[in-house]
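So the chains spell out like this:
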Amino acid sequence: SYRRDLYRFGFTLETPWAQPIFDSIDASYLFMDYYYTTQSDLFDDPYHVGRRDKMQKVGVTLDRKVTGDLGVYFSFRYSDRVVESPWYGDITLDKDYIQHRYWIGMDYSF
């Protein structure tokens, strides 16, 4: 099991100065700090004893209204995880990562 601290900050900004390219920008930052709470010793459970995972995500979305009912958006998210562990093995090869995601979507109200 684990305990987690989670912090999130986000905002939406209307952008009349950027029209007709996009109407608004949504941005967010998320930080999660996981502390593994196993009662085992390091020999029995080397992946969890004393382990701490720090994860963060940064996202940006550009929104554009096409018609009264239809909107399109472009999103980008950067994510990473950094692991700290007292285990002598290299847990970072299995658990650390950096990820970039991009996607396009549509919203339709009916």
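Everything in this summary refers to the structure shown in the same document. (Residues numbered from 1 in each chain as written. Predicted model: local features only at pLDDT ≥ 70, side-chain atom pairs only at ≥ 80, totals over all residues. Heavy atoms only, no water.)

### A few points about the pattern of salt bridges
Basically, it comes down to this: Criterion for a salt bridge: a side-chain nitrogen of Lys or Arg within 4 Å of a carboxyl oxygen of Asp or Glu. Numbering of helices and strands runs from the N terminus, with a helix taken as a DSSP run of H or I at least four residues long and a strand as a DSSP run of E at least two residues long. Partly exposed residues are those whose accessible area sits between 20% and 50% of the maximum for their type, while under 20% is buried and over 50% is exposed, using a 1.4 Å probe and protein chains only.
All chains considered together, the criterion is met by 5 salt bridges. A salt bridge links Asp23 to Arg64; its shortest N-O distance comes to 3.3 Å. In this pair, Asp23 sits in the loop between strand 1 (2–14) and strand 2 (24–36) while Arg64 sits in strand 3 (residues 52–65), placing the two residues 41 residues apart along the sequence. Take Asp23: its relative accessible area is 15%, and that puts it in the buried class. Overall, the relative accessible area of 28% leaves Arg64 in the partly exposed class. When the shortest N-O distance is used, the salt bridge between Glu84 and Lys54 registers 2.7 Å. Of this pair, Glu84 sits in strand 4 (residues 70–84) while Lys54 sits in strand 3, placing them 30 residues apart in sequence. A single salt-bridge network, built from bridges that share partners, covers Arg51, Asp53 and Arg81.

### Quick look at the packing of aromatic side chains
Using the following cut-off: Put simply, two rings from Phe, Tyr or Trp (the six-membered ring, in Trp's case) pair if the centres are within 6.5 Å, and we call them stacked under 30 degrees between planes, edge-to-face over 60, tilted for the rest.
Counted according to the given criterion, the structure contains 9 aromatic pairs. Plain terms: the ring middles of Phe76 and Tyr102 are 5.0 Å apart, the flat faces sit at 45° to each other, and that makes the pair tilted. In this pair, Phe76 sits in strand 4 while Tyr102 sits in strand 5 (residues 97–108), placing the two residues 26 residues apart along the sequence. Taking the relative accessible area as the measure of exposure, Phe76 reaches 23% and is therefore partly exposed. Residue classification places Tyr102 among the exposed residues on the basis of a relative accessible area of 56%.

### Some words on a nonpolar patch on the surface
How we decide: Candidates for patches are residues over 30% relative accessible area with no salt bridge; among them, like charges are joined within 9 Å and nonpolar side chains (Val, Leu, Ile, Met, Phe, Trp, Tyr) within 5 Å. For the accessible areas, the method is Shrake-Rupley and the probe is 1.4 Å, while residue cover comes only from the protein chains on display.
Taken together, Phe9, Phe11, Leu13, Trp17, Tyr29 and Val58 make up a surface patch of nonpolar side chains, about 630 Å² in accessible area. Among the elements that take part in the nonpolar patch, strand 1 stands out by supplying 3 residues, more than any other. Along the chain, Trp17 turns up in the loop between strand 1 and strand 2. On the basis of relative accessibility, which here comes to 64%, the residue Trp17 falls in the exposed class.

### Description of the side chain of Asp45
Test applied: Neither His nor the chain ends is counted toward charge; the positive residues are Lys and Arg and the negative residues Asp and Glu. Two N or O atoms count as a polar contact when they lie within 3.5 Å, although within protein this holds only if one can serve as hydrogen donor and the other as acceptor, and sequence-adjacent residues are included solely when both atoms are side-chain atoms.
Summarising the element assignment, Asp45 is placed in the loop between strand 2 and strand 3. Notably, Asp45 is buried but unbridged: the nearest opposite-charge side chain belongs to Arg51, and the N-O separation is 7.4 Å. Within the local environment of Asp45, its side chain forms a polar contact with the side chain of Thr38, the two groups lying 3.5 Å apart.

### Regarding the sheet that holds strand 5
Quick reminder of the rule: Strand pairing follows a simple DSSP-based rule, namely that at least 2 bridges must link the two strands. Between the N-to-C directions of two axes lies an angle of 0 to 180 degrees, each axis being a line fitted to C-alpha atoms and, for a helix, fitted only over the stretch in contact.
Strands sit in the order 1-2-3-4-5 across an open sheet of 5 strands; the sheet is antiparallel. Strands with a single pairing partner mark the edges of an open sheet, and in this sheet they are strand 1 and strand 5. Between one strand and the next, the sheet's axes are offset by a mean angle of 15°, whatever the strand orientation. Strand direction decides the pairing type here: strand 1 and strand 2, joined by 13 bridges, are antiparallel. If you follow Arg3 over to strand 2, its bridge partner there is Tyr35.

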